[in-house]
Structure formats: structure tokens, C-alpha cells
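Given next are the chains, with one letter for each unit.
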Amino acid sequence: MHTLCARGTMKPEITAAVGFLTRFLRVKGHVNDRQVQTFTQSLQDILSEQYKHHWFPDRPCKGSGYRCIRINHKMDPLVGQAGQRIGLTIQQLYLLLPSELTLWVDPFEVSYRIGEDGSICVLYESKPGPVGMSMGPAAHGGYGSSSSGSGGASMNPMMDSHISCKEELMGLARTSPSKAYNMMTVSG
């Protein structure tokens, strides 16, 4: 079963991730509307192609590292490719995008962290449905939301013990449903 229609679509997750990155170009950059539209479409196409054999709604953590968009001392090559299509250099992208960004694009959840010690914020979250059916968003945290509430009781027993990929990778795995993380860093 390797067709997207049999596995579910990744369009809402990719749209959320690309919209988040595009917002930085609009706010910080001297990028015109046409360039923003081209960047958006290019990055959506690039991610769709890149993820098509690495999208597992039945096992959302499988392939999570492959789908992670990372900007730190190196520009994520997929973001760099979309930027170059609108004439932006890697150096220009570094000026427009956060210097430390991790963006997780997983089935049913898109979340991000700015900075190595930053809070994890949820951009998009939905509940898994029957194979091949999209249930739509259960909760949409929006840009900057650090809420990752369950959006109500789940009828799916797998969702009740759901451990997000980023929690598993960060060693925060637990058996209870995902809860909001409010972390504060105090320096003095």
C-alpha cells in the first residue's frame, strides 16, 4: 500500500508547515507577493515529493527524522531549494528565518521549536481516522500556540496512548495523553 489515497493525505500538515515558514518571509523580508506565492508552491511540491514514501499515518513516528525540517548552522536543503527558486541565497534565508528552528512534520501533527531550549509549540493537530479518510483538524493551535491538548476524548485507543515523535525523541515519552508544556528559562 504505497499510494497516498490509501494512506491518507499529508496536505494539511505540509500546508501548516509551509505557511509557518512563509510567514517569516512576509514579515521579515523584502519579498514580494509573487515570490511568496512561488516559494509556497515550490516548498509544498518539494515536501510532497520528498515525503511521499515516508508518510505513515498508522505509525506517525516512523520517518519523523526524515521529515524534520532543521535550520541551525546549516540551512535545511529543501527550504534552501525553495528559496533559490525565488532568487534568495542561503545567506538571505538565514536573515529571514530563525537561526535555530526545528519543524516536525508528522501525520496528524506539525510542531516547532525555536532555539535549542525553546518550548515546543503545535501548529496543526488532528485525530487519526479510518485508513484513507481525513478526519480534519481536532485542534488548531495556530502560530505561536504552545497548547497541544487532545481536543476531546478519543475513540481510538491508539490515540489515548499516543506519544508524539518529538516527545519520544526528546525522552519525554509517557503513557498518558499529550499535555501542554509551559517551559520557562530564567537567566540571571
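Residues numbered from 1 in each chain as written. Predicted model: local features only at pLDDT ≥ 70, side-chain atom pairs only at ≥ 80, totals over all residues. Heavy atoms only, no water.

Caption draft 1: The arrangement of the pattern of salt bridges in detail. Overall, the coordinates contain five salt bridges when judged by the stated rule. Here arginine 113 ties to glutamate 116 by a salt bridge, and the two come within 3.9 Å at their closest N and O atoms. Arginine 113 gets classed as buried once you look at its relative accessible area, which sits at 9%. Overlapping salt bridges bring together Arg70, Glu100, Arg113 and Glu116 as one network. (Salt bridge = Lys/Arg side-chain N within 4 Å of Asp/Glu carboxyl O. Buried < 20%, exposed > 50% of the residue type's maximum accessible area, 1.4 Å probe, protein only.)

Caption draft 2: Main features of the side chain of glutamine 44. One can find glutamine 44 in helix H3 (residues 33-51). In this structure glutamine 44 comes out as buried when scored by relative accessible area, which is 19%. Residues in contact with glutamine 44, not counting those within four places in the same chain, are Ile14, Thr15 and Val18. (Helix = DSSP H or I, 4+ residues; strand = E, 2+ residues; numbered from the N terminus. Contact = heavy atoms within 4.5 Å.)

Caption draft 3: Examining the packing of aromatic side chains more closely. The final tally for this structure, using the stated rule, is three aromatic pairs. When the centroid spacing of 6.4 Å and the interplanar angle of 10° are considered together, the rings of tyrosine 51 and tryptophan 55 count as stacked. The buried category is assigned to tyrosine 51, whose relative accessible area is 0%. Positioned over the ring face of phenylalanine 56 is lysine 62, at 4.4 Å from the centre of the ring. (Phe/Tyr/Trp six-rings, centres within 6.5 Å; stacked < 30°, edge-to-face > 60°. Lys NZ or Arg CZ within 6 Å of the ring centre and 35° of its normal.)

Caption draft 4: Looking closely at unusual backbone geometry. Of note, phenylalanine 108 is a non-glycine position whose phi angle comes to about 80°, a positive value. Along the polypeptide, phenylalanine 108 turns up in the loop between strand S2 (101-106) and strand S3 (109-114).

Caption draft 5: Quick peek at the pairing of strand S4 (residues 120-126). The buried count for S4 comes to seven of seven residues, which makes it a mostly enclosed element. The pairing of S3 with S4 spans five bridges and is classified as antiparallel. Looking at S4, one finds that serine 111 is bridged to valine 122. (Pairing = 2+ DSSP bridges.)

Caption draft 6: Looking closely at helix H5 (residues 77-85). Considered for burial, the residues of H5 that qualify are Leu78, Val79, Gly80, Ala82 and Gly83. Those residues of H5 hidden inside the fold are in contact with helix H2 (11-28), H3, strand S1 (69-71) and helix H6 (90-96). Two or three places before leucine 78, at the start of H5, stands the capping residue aspartate 76, its side-chain oxygen 3.0 Å from that residue's backbone nitrogen. Backbone geometry just downstream of H5 places glycine 87 in the positive-phi region, at approximately 85°. (Polar contact = N/O pair within 3.5 Å; in protein donor to acceptor, adjacent residues only side chain to side chain.)

Caption draft 7: How the structure looks around H3. The end-to-end C-alpha separation of H3 is 27 Å, in line with the 27 Å expected for 19 residues at 1.5 Å each. For H3, the elements touching its buried residues are H2, helix H4 (64-67), S1, H5 and S2. Among the residues of H3, the N-terminal cap falls to asparagine 32, whose side-chain oxygen and the backbone nitrogen of arginine 34 are separated by 3.1 Å. (Expected span 1.5 Å × (residues − 1).)

Caption draft 8: View of the packing of H2 against H3. Between H2 and H3, the least distance of the axes is 10 Å, while the angle of their chain directions is 150°. Where H2 crosses over H3, the handedness of that crossing is right-handed. Only Asp33, Val36, Phe39, Thr40, Leu43, Gln44, Leu47, Ser48 and Tyr51 of H3 make contact with H2, whose side of the interface consists of Ile14, Thr15, Val18, Leu21, Thr22, Leu25 and Arg26. (Axes fitted to C-alpha atoms, helices over the stretch in contact; angles between N-to-C directions. Left-handed = near helix turned anticlockwise from the far one by under 90°.)

Caption draft 9: Region of interest: the side chain of serine 42. Its location among the elements puts serine 42 in helix H3. A relative accessible area of 8% places serine 42 in the buried class. Ignoring sequence-local partners within four residues, the contact set of serine 42 consists of Ala82 and Arg85.

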